[in-house]
Amino acid sequence: DVKVTQSSRYLVKRTGEKVFLECVQDMDHENMFWYRQDPGLGLRLIYFSYDVKMKEKGDIPEGYSVSREKKERFSLILESASTNQTSMYLCASSFAAAYGYTFGSGTRLTVV
Amino acid sequence: RKEVEQDPGPFNVPEGATVAFNCTYSNSASQSFFWYRQDCRKEPKLLMSVYSSGNEDGRFTAQLNRASQYISLLIRDSKLSDSATYLCVVICAQGAQKLVFGQGTRLTINP
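No experiment lies behind these values; they were computed from the predicted model shown.

1. Quick look at the nonpolar core
Among soluble globular proteins, nonpolar side chains are generally buried collectively. Core analysis: the biggest nonpolar cluster contains 25 residues, and B:F21, B:W35, B:I71, B:L73, B:I75, B:Y86 and B:L107 have the highest contact counts within it. Core analysis: the next-biggest nonpolar cluster, separate from the first, contains 20 residues, A:L11, A:I46, A:L76 and A:Y89 among them.

This is the structure in structure tokens:
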């Protein structure tokens, strides 16, 4: 089975800090995604990547950036964390969307 | 208008009952459709794809109605373990790799 691993399950950061969320997948998938999930809003796509060093903005990229230096790793960066970025962050990877995504277990980030 | 819309619920039904919920999508060019299941405080997991002719997987039946742009999920003989949030998911364009998620429908099966 594909495994998608997110480095932290729970994270608490201060306003203004730079935050790195790491995601690693072990099945050589080219496609990787970062979502945030909030009550009443569902999953919203932040950024995605179809290949190494390639990135595309999703629906809510403001305040975020990403890095994909290696195929298996896709990092989400909060340049200057704000309280409205408190959320559940979910990473996913796929061989092709038609086969579905595999999600990591999520990182619950609280910005205080 | 949201690309994928679901009734958020919650749906509370007794064990053994049959429950169904729908999802509508706005893009008539949408190509592929799925139901995902998400347990409380867990990540979403693929439940089943939805095929044009409809498909079954045990107690679960998925249907697609392209004319009216909705998909449905029917759960028969519901179990306590079916309690979860069910996410309707759509690929909106041919060749696209992005899945678009509905908000989810929360289902609770009561003993």
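Now that the structure is up, let's keep going.
2. So, a positive patch on the surface
On the surface, A:R9, A:R108, B:R41, B:K42 and B:K45 cluster together to form a positively charged patch. Along the chain, B:K42 turns up in the loop between strand 4 (32–38) and strand 5 (45–50).

3. So, the interface of chain A and chain B
Each partner contributes to the interface: chain A provides 22 residues, whereas chain B provides 15 residues. Each partner contributes to the roughly 1,600 Å² buried at the junction of chain A and chain B, and carbon and sulfur atoms together form 55% of this total. Seen at the junction of chain A and chain B, the total is zero salt bridges. At the boundary of chain A and chain B, one finds six residue pairs in polar contact (both at pLDDT 80 or more). Of all elements in the fold, only strand 5 (31–38) and strand 6 (42–49) of chain A reach the threshold of two or more residues within the side of chain A that touches chain B. For the side of chain A that touches chain B, the per-class residue count stands at 13 nonpolar, seven polar and two charged.

What counts, and where the lines are drawn
- Residues numbered from 1 in each chain as written.
- Chains lettered and ligands numbered in written order.
- Predicted model: local features only at pLDDT ≥ 70, side-chain atom pairs only at ≥ 80, totals over all residues.
- Heavy atoms only, no water.
- Core = buried A, V, L, I, M, F, W, Y, C linked by side-chain atoms within 4.5 Å.
- Buried < 20%, exposed > 50% of the residue type's maximum accessible area, 1.4 Å probe, protein only.
- Patch = residues over 30% accessible without salt bridge, like charges linked within 9 Å, V, L, I, M, F, W, Y side chains within 5 Å.
- Areas by Shrake-Rupley, 256 points an atom, 1.4 Å probe, with all protein chains shown as cover.
- Salt bridge = Lys/Arg side-chain N within 4 Å of Asp/Glu carboxyl O.
- Lys, Arg positive; Asp, Glu negative; His and termini not counted.
- Charge placed at Lys NZ, Arg CZ, Asp CG, Glu CD.
- Helix = DSSP H or I, 4+ residues; strand = E, 2+ residues; numbered from the N terminus.
- Contact = heavy atoms within 4.5 Å.
- Buried area = accessible area lost by both parts, 1.4 Å probe.
- Polar contact = N/O pair within 3.5 Å; in protein donor to acceptor, adjacent residues only side chain to side chain.
- Nonpolar A, V, L, I, M, F, W, Y, C, P; charged D, E, K, R; others polar.

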